[in-house]
Each structure stands twice: as structure tokens, then as C-alpha cells.
Amino acid sequence: MKIYESAEDYLETILMFCEQHGSARSVDIAAHLGVTKPSVSFAMKRLRENGYILMGDDNRITLTEQGEAIARRIWERHNLLTSFFIRLGVSESVARADACKIEHDLSDETFDAIRRHAQRASRTGPPHESAYAAEPAGALCGHGGAGPDDSRCAGIYTALAACAVYRRAYDQRRGRSV
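Small disclaimer: the values here were computed from a predicted structure and weren't measured. (Residues numbered from 1 in each chain as written. Predicted model: local features only at pLDDT ≥ 70, side-chain atom pairs only at ≥ 80, totals over all residues. Heavy atoms only, no water.)

Novice: Looking at this structure, I do not really get the pattern of salt bridges. What am I missing?
Specialist: Side-chain pairing between opposite charges can occur once the charged atoms of the two side chains come close. Tallying each qualifying case throughout the model produces 11 salt bridges. Salt-bridge contacts for Glu8 lead to Arg73; the nearest nitrogen and oxygen are separated by 3.7 Å. Taken together, the positions of Glu8 in helix α1 (residues 5-21) and Arg73 in helix α4 (residues 65-87) put the pair 65 residues apart, joining distant regions of the chain. Judged by its relative accessible area of 7%, Glu8 is buried. When its relative accessible area of 33% is taken as the criterion, Arg73 is described as partly exposed. Between Arg72 and Glu68 there is a salt bridge, and its shortest N-O distance comes to 2.8 Å. With Arg72 and Glu68 both in helix α4, this residue pair falls 4 residues apart, about one helical turn. (Salt bridge = Lys/Arg side-chain N within 4 Å of Asp/Glu carboxyl O. Helix = DSSP H or I, 4+ residues; strand = E, 2+ residues; numbered from the N terminus. Buried < 20%, exposed > 50% of the residue type's maximum accessible area, 1.4 Å probe, protein only.)

Novice: What should I look at first to understand the packing of aromatic side chains in this one?
Specialist: Note on aromatic pairs: each is described by the distance of the centres and the angle between the planes. Going through the model one piece at a time under the given rule, you end up with 1 aromatic pair. Ring plane angle 55 degrees and centroid distance 6.1 Å describe the contact between Phe84 and Phe85, whose orientation is recorded as tilted. Residue Phe84 shares its accessibility class with Phe85, and that shared class is buried. (Phe/Tyr/Trp six-rings, centres within 6.5 Å; stacked < 30°, edge-to-face > 60°.)

Novice: Sorry, what's going on with helix α5 (residues 92-102) here?
Specialist: Residues three or four positions apart in an α-helix share a direction because the helix packs 3.6 residues into each turn. Within α5, the full set of buried residues consists of Ala95, Asp98, Ala99, Lys101 and Ile102. In an axial view of α5, the angular spread of the buried residues amounts to 160 degrees, which keeps them on one side of the axis. (Arc of directions from axis to C-beta.)

Novice: Honestly, the nonpolar core in this entry has me stumped. Any pointers?
Specialist: Taken as a class, soluble globular proteins show a tendency for nonpolar side chains to be buried jointly. One finds Leu11, Ile14, Ile29, Met44, Leu47 and Ile53 to be the most contacted residues of the largest nonpolar core, which totals 22 residues. Here this core gets 8 residues from one element, more than from any other, and that element is α1. If we ignore the near neighbours within four places in the chain, the residues touching Leu11 are Leu47, Tyr52, Ile53, Leu63, Gly67, Ile70 and Ala71. Core analysis: the second largest hydrophobic core is formed by 11 residues, Ala95, Ala99, Leu106 and Ile114 among them. (Core = buried A, V, L, I, M, F, W, Y, C linked by side-chain atoms within 4.5 Å. Contact = heavy atoms within 4.5 Å.)

Novice: For this particular structure, what's the right way to read α1?
Specialist: When the terminal C-alpha atoms of α1 are compared, their 24 Å separation across 17 residues agrees well with the 24 Å that a helix rising 1.5 Å per residue should span. Ala7, Glu8, Tyr10, Leu11, Glu12, Thr13, Ile14, Leu15, Met16, Phe17 and Cys18 are the residues of α1 that are buried. Buried positions along α1 lie against α2 (26-33), α3 (37-49), β1 (53-55), β2 (61-63) and α4. Looking one or two places after α1, you find Gly22, whose phi comes out positive at around 90 degrees. (Expected span 1.5 Å × (residues − 1).)

Printed below as a string of C-alpha cells:
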């Protein structure tokens with residue numbers, strides 16, 4: 001079964017509540033995501049039918065192994081992308097919102113490239129916005145390459161371009177001006 005963005009959001013939210021409280025409740029999920037309780041009930045029915053969650057007799061919701069794997073994948077993407085955007089100089093609130101928008105759409109290849117770059121950058125420089133301040137071409141990849149045309153730099157520039165493309169596509173799907 002293909003997992004849709006909304007299902008990933010539900011699973012990610014359930015994971016967050018399970019880690020904080022041991023389980024999740026529909027009312028908490030609805031409040032956190034800003035949706036109605038009937039919407040949550042419908043989504044929980046679908047997630048349960050597809051083997052992603054378990055519902056206890058007390059209506060407490062927990063993740064199955066399969067549901068937890070998906071939720072952790074999205075949560076990792078969210079956290080890494082948020083940190084990455086903050087390091088680029090984006091405010092925390094915008095970084096979190098943008099991470100939420102693209103965490104579902106990035107290919108594994110692009111996400112892995114961002115992860116590798118973020119790991120290199122965290123070893124080579126301080127984790128603050130000036131770490132990615134305007135510098136000579138190639139500075140983003142940490143080895144002083146020639147920039148987007150240098151094969152050593154291609155990963156980070158491709159990842160940054162993909163973020164912009166996904167942001168525009170997201171905004172277009174939502175009817176926002178681009």
C-alpha cells in the first residue's frame with residue numbers, strides 16, 4: 001500500500017505522543033494536527049486496517065513495527081531538514097514549517113545527500129547560521145570545490161535545488177502564489 005502524506009503525518013504524530021506518554025489518543029492527535037475528531041477516526045480506521053497501528057480496549061493508539069518504521073523515517077527527515085535549514089540561516093519556525101512540507105516528497109537519494117552533507121558540515125564547522133554564510137563557490141560542500149559544476153559539490157547543490165522545486169510544487173498544490 002502506498003502511504004500518503006497525511007498518513008505519514010498521523011504516524012509521525014502518534015510516534016511523538018507514544019514517546020512522550022506511551023500511547024496516543026484521538027483527541028490529542030486531532031488537536032496537534034488541527035483536524036476534526038471524525039477525520040482522525042477515519043484515518044485511524046484506515047491505519048489499523050493496513051497494519052500500521054493498534055487500538056487498545058481503552059482506545060489508546062500505539063504503532064505496529066511497520067507503522068513505527070514509517071514514523072521514524074519521517075521524524076528523522078523532519079529533524080534533519082529542520083536543523084539543516086536553520087544552519088542555512090532560516091528562522092526556526094520557517095525551517096520547521098518547510099521541513100514539514102518537503103519531508104514527504106524528497107527522494108531517498110536526495111535526503112541521503114543532505115544527510116551526508118549535514119554530517120560533514122557538523123564536523124567541520126559550528127552549527128549556527130554563519131556556517132553557510134555567503135562564501136566562495138564550493139564552500140557549501142566543505143572542500144572548496146568549484147560550486148554546482150564541480151562533481152564533488154553536485155550533491156548539495158542538487159539537494160538545495162530540489163528543496164526549492166518541492167517548495168514551489170507544494171505551494172502550487174495548495175493554491176498559493178509562487
